[in-house]
Amino acid sequence: MAELSPTRDANRRSTAVVIEFKNVGKTYKSLLGNSVQAVEEFSLVVNEGEILGIAGPNGAGKSTLISLMLGYLRPTTGTVEIGGRPARTYVEQNGIGYLSELVSINPKWKAESTLVRFATLAGLSEEEIPHRVEYVIDLLGLGEHRDKKVKALSKGNLQRLGLAQALLRDERILVLDEPTHGLDPVWTQRFRDIVGELRRSDRTMLIASHNLDELQRLADRVAIIDRGRLQRVVSTGYESAAPAVTRFRLTLASGFDLVHAAFPSAEEAGKGEYDVTVQSIQELNASIANLIARGGLIASVVPERSVLEQQFREAVGES
Amino acid sequence: MTGRLGKYSLWQFRDFFMQHGIGIAIIGLLWGYTLLAPLRAAMSAQSPTPLAPGSPIWGIVLQITSAVVSVSVLIAMNGIVSSDRKNGYYRFLFSKPINRVLYYAQAFLVYMVGVLLIMAILSALLRTILPSFNIGYFVMYAALVYIAMGGIGFFLSVATRYDWLSLAAVWLGSRMLRAIYSGPRAGWKGKVVEILPPVHRLDDVANSLIGTGSAPSSDVAWLLGYGLLCFILGLVLLRYGSLAD
């Protein structure tokens with residue numbers, strides 16, 4: 001696998017790039033006068049170096065928000081700014097690494113020539129293009145598909161081609177909409193590794209996904225959207241959101257009869273497995289320490305729901 | 001670092017050739033050959049110089065060649081902007097550091113070069129059976145039609161999803177409405193049709209431009225002005241409108 005290498009312009013950057021949604025609203029109006037409010041009073045700041053997840057049910061407005069950010073849609077109210085400039089101006093001057101939810105590439109183009117085209121539009125020089133195209137082909141395992149037409153690619157390979165074009169240049173902003181959609185488990189894991197390697201103090205990433213587990217692993221914060229509104233912004237770290245998680249599945253290797261002494265409310269959930277309810281991580285740790293001190297041998301402690309899943313259910317009214 | 005749009009024009013030219021150019025060339029060849037060759041053979045038997053401007057057959061040659069130009073422009077404009085929007089290709093294209101107004105303005109020019117090149121090749125072939133046919137004059141006429149008709153087509157491609165269909169409707173509709181509502185008795189309807197594309201001026205322009213290389217300047221100005229105005233309106237709509245639905 002190729003290592004993630006910066007292009008030449010990576011070292012020429014200094015200004016902080018912050019993405020700011022200011023009271024953004026988007027209403028779609030039909031010719032018959034019907035209107036649909038896709039996004040409503042949405043305000044959010046995404047800091048430089050941050051990976052922000054965007055989660056929400058189907059039709060929540062995630063893709064609309066991304067289209068507003070890229071300037072493909074004009075907001076009905078409010079503004080979207082990147083680095084203090086209107087978002088579209090920023091994109092036209094600097095470009096953004098973008099993987100859309102639907103990977104739409106002319107089906108008659110060949111995989112490699114698609115990348116050469118996009119590299120040209122991205123502003124890479126004639127000398128850089130072959131190296132950079134080779135690099136993303138190698139990074140995303142597209143070598144055997146390089147001469148295939150886009151229409152001949154499987155869904156997973158098409159998704160990888162979409163990701164490859166987003167990584168052609170060493171962008172400071174990456175926007176990935178449902179990035180693992182259609183990828184098999186091996187490439188889903190590889191994608192997570194790639195995102196991990198892409199994390200950099202001057203690079204901002206937005207990842208929209210239905211997959212809360214993925215966002216929990218990758219993002220620093222997750223904006224939960226429902227019906228076009230920002231419901232809440234959740235930090236994915238356990239330390240600050242401990243009260244959100246109250247139920248854990250405890251699995252013991254031995255000392256089953258000691259569980260109720262340490263966790264009075266423990267409920268048996270299977271052989272050696274118990275569901276325990278606590279008020280905080282501190283209480284959880286103290287009870288586990290108590291159990292170990294009494295001679296219990298713990299195999300695993302797993303939250304019933306992740307911090308994000310718990311917050312998501314509360315935010316969209318499915319607690 | 002901004003995108004290398006100029007360099008990308010080579011890809012746009014390739015797209016034009018693959019998606020439109022081959023079709024235009026085939027239609028032009030088939031139409032021209034099947035209609036003109038037998039006609040020439042028949043007329044040659046009657047007169048030693050049947051194909052000079054002003055001869056009876058010249059009118060038919062003009063009709064056929066000008067129709068080939070109009071159909072070619074119709075094919076060229078098919079999906080020039082709307083295809084990227086309908087199919088979602090704009091998403092990756094315009095995440096790159098390029099200006100979409102310049103991108104499509106460049107596509108319009110590249111397609112024009114493509115259409116003129118094919119018209120030059122077709123007219124060179126036509127010259128082998130009609131030696132008096134002037135390639136330069138014909139290409140000039142094709143350029144005029146490309147701007148006049150293509151400008152409207154470009155605007156429609158930005159504004160609607162059914163560009164070639166609406167361009168054909170506008171083009172034919174203008175002709176028909178002008179034929180019905182012209183003259184002093186037309187009243188307000190006559191005034192309304194005045195703002196429709198000046199398609200009716202093309203017949204005279206075709207006759208004089210393809211035949212002699214010159215045309216009434218007011219007709220040329222109307223046609224060019226109307227097409228350019230629509231082209232610029234299309235660019236303004238691209239600049240201030242939304243690409244996504």
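Residues numbered from 1 in each chain as written. Chains lettered and ligands numbered in written order. Predicted model: local features only at pLDDT ≥ 70, side-chain atom pairs only at ≥ 80, totals over all residues. Heavy atoms only, no water.

**Digging into the overall build of chain B**
Inference 1: Counting secondary structure elements, chain B contains ten helices and zero strands.
Inference 2: Counting from the amino terminus, chain B carries its helices and strands in the arrangement α-α-α-α-α-α-α-α-α-α.
Inference 3: Relative to its length of 245 residues, chain B is compact, with a C-alpha radius of gyration of 19 Å against a globular reference of 18 Å.
Inference 4: Structurally, chain B occupies a C-alpha span of about 65 × 45 × 25 Å along its principal axes.
Inference 5: Scored against the burial criterion, the 245 residues of chain B give a buried share of 51%.
Inference 6: Within chain B, contacts between residues at least 6 apart in sequence are counted, and of these 75% link residues at least 24 apart.
Inference 7: Carbon and sulfur atoms make up 68% of the accessible area of chain B, which amounts to about 11300 Å² in all. (Helix = DSSP H or I, 4+ residues; strand = E, 2+ residues; numbered from the N terminus. Rg over C-alpha atoms; globule rule 2.2 N^0.38 Å. Buried < 20%, exposed > 50% of the residue type's maximum accessible area, 1.4 Å probe, protein only. Contact = heavy atoms within 4.5 Å. Areas by Shrake-Rupley, 256 points an atom, 1.4 Å probe, with all protein chains shown as cover.)

**Observations concerning the sheet that holds strand S12 (residues 267–270) of chain A**
Residue and element names in this part refer to chain A.
Inference 1: In space, the four strands of this open sheet follow the order S12-S13-S11-S14, with antiparallel pairing throughout. Each of the sheet's edge strands pairs with one partner strand only, and the pair in question is S12 and strand S14 (297–303). Put simply, the sheet's adjacent strands are angled 30 degrees from each other on average, direction ignored.
Inference 2: For strand S11 (residues 247–254) and strand S13 (residues 273–277), the ladder comprises five bridges, and the chain directions are antiparallel. Each bridged residue has a counterpart across the sheet, and for Arg-247 the counterpart in S13 is Thr-277.
Inference 3: Across the face of the sheet, helix H10 (residues 281–293) comes into contact with S11, S13 and S14 while running at roughly 165 degrees to S14. (Pairing = 2+ DSSP bridges. Axes fitted to C-alpha atoms, helices over the stretch in contact; angles between N-to-C directions.)

**Focus: the interface of chain A and chain B**
Inference 1: On the side of chain B, 33 residues touch chain A, which itself brings 42 residues to the contact.
Inference 2: Here chain A and chain B share an interface that buries about 3200 Å² over both sides, 55% of which is from carbon and sulfur atoms.
Inference 3: The largest per-residue losses of area from chain A upon contact with chain B belong to Tyr72(A), Arg117(A) and Leu121(A), which jointly make up 25% of the total buried on that side.
Inference 4: If you look at where chain A meets chain B, you find three salt bridges.
Inference 5: Note that Glu126(A) and Lys7(B) form a salt bridge whose closest N and O atoms lie 3.9 Å from each other. (Buried area = accessible area lost by both parts, 1.4 Å probe. Salt bridge = Lys/Arg side-chain N within 4 Å of Asp/Glu carboxyl O.)

**Quick notes on the pattern of salt bridges**
Residue and element names in this part refer to chain A.
Inference 1: Per the stated rule, a full pass over the model turns up 26 salt bridges over all chains.
Inference 2: Between Asp-213 and Arg-217 there is a salt bridge, and its shortest N-O distance comes to 3.2 Å. Of this pair, Asp-213 and Arg-217 both sit in helix H7 (residues 212–218), four residues apart, which is roughly one turn of the helix.
Inference 3: By relative accessible area, which is 40% here, Asp-213 ends up partly exposed.

**So, the packing of helix H6 (residues 135–159) of chain B against helix H10 (residues 217–240) of chain B**
Residue and element names in this part refer to chain B.
Inference 1: Interhelical geometry of H6 versus H10 gives an angle of 25 degrees and a closest axis separation of 7 Å. By the angle class used here, H6 and H10 are roughly parallel. Seen along the crossing, H6 lies across H10 with a hand that is left-handed. (Parallel < 35°, antiparallel > 145°, perpendicular 65-115°, else oblique. Left-handed = near helix turned anticlockwise from the far one by under 90°.)

**Observations concerning the sheet that holds strand S9 (residues 221–226) of chain A**
Residue and element names in this part refer to chain A.
Inference 1: Ordered by their spatial adjacency, six strands build an open sheet running S6-S7-S8-S3-S9-S10, and the pairing between neighbours is mixed. The sheet is open, and its two borders are formed by strand S6 (97–99) and strand S10 (229–235), each paired with just one other strand. Strand-to-strand, the axes of this sheet are offset by a mean angle of 15 degrees, without reference to chain direction.
Inference 2: One ladder, built from six bridges, connects S9 with S10; its direction is antiparallel. Opposite Ile-224, over in S10, you have Arg-232 as the bridge partner.
Inference 3: Helix-sheet contacts for helix H1 (residues 62–70) involve strand S3 (51–55), S6, strand S7 (173–177), strand S8 (204–208) and S9, and the interaxial angle to S7 is about 150 degrees.
Inference 4: Of the strands in this sheet, S3, S9 and S10 touch helix H11 (residues 307–315), which is tilted by about 160 degrees from S10.

**Things to note about the environment of Arg169(A)**
Inference 1: Within the secondary structure, Arg169(A) sits in the loop between helix H5 (155–166) and S7.
Inference 2: Along the chain, Arg169(A) and Gly95(A) lie 74 residues apart, while their C-alpha atoms are 9.0 Å from each other.

**Digging into the side chain of Arg201(B)**
Inference 1: Summarising the element assignment, Arg201(B) is placed in helix H9 (residues 201–212).
Inference 2: Among all residues touching Arg201(B), those that are not within four sequence positions of it are Ser218(B), Asp219(B), Trp222(B) and Leu223(B).

**Some words on a positive patch on the surface**
Inference 1: Together, Lys108(A), Lys110(A), Lys149(A), Lys151(A) and Arg14(B) make up a region of like positive charge exposed at the surface.
Inference 2: Take Lys151(A): its relative accessible area is 59%, and that puts it in the exposed class. (Patch = residues over 30% accessible without salt bridge, like charges linked within 9 Å, V, L, I, M, F, W, Y side chains within 5 Å. Lys, Arg positive; Asp, Glu negative; His and termini not counted. Charge placed at Lys NZ, Arg CZ, Asp CG, Glu CD.)

**With respect to the pairing of S9(A)**
All names here are of chain A.
Inference 1: Counting buried residues along S9, five of its six residues qualify, which places the element largely inside the surrounding structure.
Inference 2: Looking at chain direction, S3 and S9 are connected through four bridges and run parallel. Directly across from Ile-54, in S9, lies its bridge partner Ala-223.
Inference 3: Hairpin connection, S9 to S10: the antiparallel pair is bridged by two residues, and Arg-227 has positive phi, about 50 degrees.

**Let's talk about unusual backbone geometry**
Residue and element names in this part refer to chain A.
Inference 1: If you check the backbone angles, Glu-41 has positive phi at about 40 degrees while not being a glycine.
Inference 2: Residues other than glycine seldom take positive phi values, yet Arg-227 does so here, at roughly 50 degrees.
Inference 3: When you line up the elements, Arg-227 lands in the loop between S9 and S10.

**Topic: the environment of Asp147(A)**
All names here are of chain A.
Inference 1: If you trace the backbone, Asp-147 turns up in the loop between helix H4 (128–139) and H5.
Inference 2: C-alpha of Asp-147 to C-alpha of Gly-237: the two residues are 90 residues apart in sequence and 43 Å apart in space.
Inference 3: If we ignore the near neighbours within four places in the chain, the residues touching Asp-147 are Lys-110 and Glu-112.

**Digging into H10(B)**
Residue and element names in this part refer to chain B.
Inference 1: Given a rise of 1.5 Å per residue, 24 residues ought to cover 34 Å, and the 34 Å separating the end C-alpha atoms of H10 matches this to within 8%.
Inference 2: Every buried residue of H10 is listed here: Asp-219, Leu-223, Gly-227, Cys-230, Phe-231, Gly-234, Leu-235 and Leu-238.
Inference 3: Buried positions along H10 lie against helix H5 (100–129), H6 and H9. (Expected span 1.5 Å × (residues − 1).)

**Things to note about the nonpolar core**
Inference 1: Counting residues in hydrophobic clusters, the biggest one holds 152 residues, and the most contacted among them are Met69(A), Ile96(A), Met119(B) and Phe154(B).
Inference 2: Ignoring sequence-local partners within four residues, the contact set of Phe154(B) consists of Met77(B), Ile80(B), Val81(B), Tyr104(B), Phe108(B), Phe231(B), Gly234(B), Leu235(B) and Leu238(B).
Inference 3: Ranked by size, the runner-up nonpolar core spans 14 residues in total, among them Ala262(A), Tyr274(A), Val278(A) and Ile288(A). (Core = buried A, V, L, I, M, F, W, Y, C linked by side-chain atoms within 4.5 Å.)

**Things to note about the confidence of the model for chain B**
All names here are of chain B.
Inference 1: Across chain B, pLDDT averages 88, with 95% of residues at or above 70.
Inference 2: Within chain B, the element-level pLDDT minimum falls on helix H8 (residues 188–194), averaging 79, and the maximum on helix H4 (residues 90–93), averaging 95.
Inference 3: As a predicted assembly, this complex carries a pTM of 0.86 together with an ipTM value of 0.88. (pLDDT = per-residue confidence, 0-100.)

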